[in-house]
Every structure is written in C-alpha cells, then in structure tokens.
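# A closer look at the structure
Here's the letter readout for the chains.
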Amino acid sequence: MAVDFQSIAKQFVEHYYATFDSNRTGLLPLYRENSMLTFQDAQHLGAQSIVEKLASLSFQKVTHKVSGLDAQPTPNGGIIILVTGQLVVDEEEHPLTFSQAFQLCQDPNGQWFVFNDIFRLALP
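Residues numbered from 1 in each chain as written. Predicted model: local features only at pLDDT ≥ 70, side-chain atom pairs only at ≥ 80, totals over all residues. Heavy atoms only, no water.

Right, let's talk about the nonpolar core for a bit. Counting 30 residues, the largest nonpolar core has Phe12, Tyr16, Phe20, Tyr31, Leu54, Ile81 and Phe102 as the members making the most contacts within it. The element that contributes the greatest number of residues to this core is helix H1 (residues 5-22), accounting for 6 residues. Ignoring sequence-local partners within four residues, the contact set of Leu54 consists of Tyr16, Phe20, Arg24, Leu27, Tyr31, Leu37 and Phe39. (Core = buried A, V, L, I, M, F, W, Y, C linked by side-chain atoms within 4.5 Å. Buried < 20%, exposed > 50% of the residue type's maximum accessible area, 1.4 Å probe, protein only. Helix = DSSP H or I, 4+ residues; strand = E, 2+ residues; numbered from the N terminus. Contact = heavy atoms within 4.5 Å.)

With that out of the way, let us pick up the environment of Ala47. Take Ala47: it is sitting in helix H2 (residues 47-55). A sequence separation of 13 residues divides Ala47 from Gln60, and the C-alpha atoms of the two residues are 21 Å apart. The residues touching Ala47, leaving out its near neighbours within four places in the chain, are Leu28, Tyr31, Arg32 and Glu33.

Our next topic: the packing of aromatic side chains. Applying the stated criterion across every chain yields a total of 9 aromatic pairs. Arranged with centres 5.6 Å apart and planes meeting at 40 degrees, the rings of Phe12 and Tyr16 form a pair that is tilted. With Phe12 and Tyr16 both in helix H1 and 4 residues apart, the pair spans about one turn of that helix. Using a relative accessible area of 10% as the deciding quantity, one classes Phe12 as buried. The class for Tyr16 is buried, based on a relative accessible area of 0%. Aromatic pair Tyr16 and Phe102: ring centres 4.9 Å apart, planes at 65 degrees, arrangement edge-to-face. With a gap of 86 residues between them, Tyr16 in helix H1 and Phe102 in strand E5 (residues 96-106) connect regions that are remote in the sequence. Three or more aromatic residues joined by ring pairs form one cluster here, namely Phe12, Tyr16, Tyr17, Phe20, Phe39, Phe98, Phe102 and Phe119. (Phe/Tyr/Trp six-rings, centres within 6.5 Å; stacked < 30°, edge-to-face > 60°.)

Structural data, given as structure tokens:
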C-alpha cells in the first residue's frame, strides 16, 4: 500500500505548528538524536538541542499562519515538506514571512519523525 504523503504532510504540519504555538517543549517527541535543525544559519543537532533552541526564542506568544504547503515522497520512504506562511509574534501588527522545510522519516516502529528541519525568515 502506497503512503498517502500529502495527507501525512498536512496532518504533520497542523500538529507541529499547533504544538509550537502552544508549548514548544512539546515538540521533543517529533525529533530524534540524529535530527538536525538549521535556524537562520545556526545548526542544532539532536532532539534536546533543537527543542532547547526553539524554547529559548525571545517571543512569548506566536501564531503560525500557513499559506502554502508542498510535499513530495523521497526514495527512502520519507516525505519532504515545504511550508510558507506568516508568523504573528507577541501580537505585533506586522507579521513576519517565513519558509520551513521538513524531511520526515519513519523509525523502526513506523513512527514519523523530523530528520531535517530548515527554518528561514524572509527578511529584507
């Protein structure tokens, strides 16, 4: 049976941003020790390091507004996802535009996790 990568990608993105916006430390189970995050040029390796970075971001309140989501299957059975959208940070008047790419893989138990995560603000 083929993997419904579009449906998995949509569900993942909804879950990821809902968790990020309400409890960033709750993202820990989505990463593994070999996962990598590149956040505005800075690289973080391992689930703990990634979540520490995300939890240390200076804003108190954030809302992700996804405007685009593209997904494709990868040869190893994974899924690559590209998300574009806007961030509303601490109720600022002007949202920030962002893009984020995820590579999802499955562990030996069939659980999806983030292997690669690349985040970039679209700054002038």
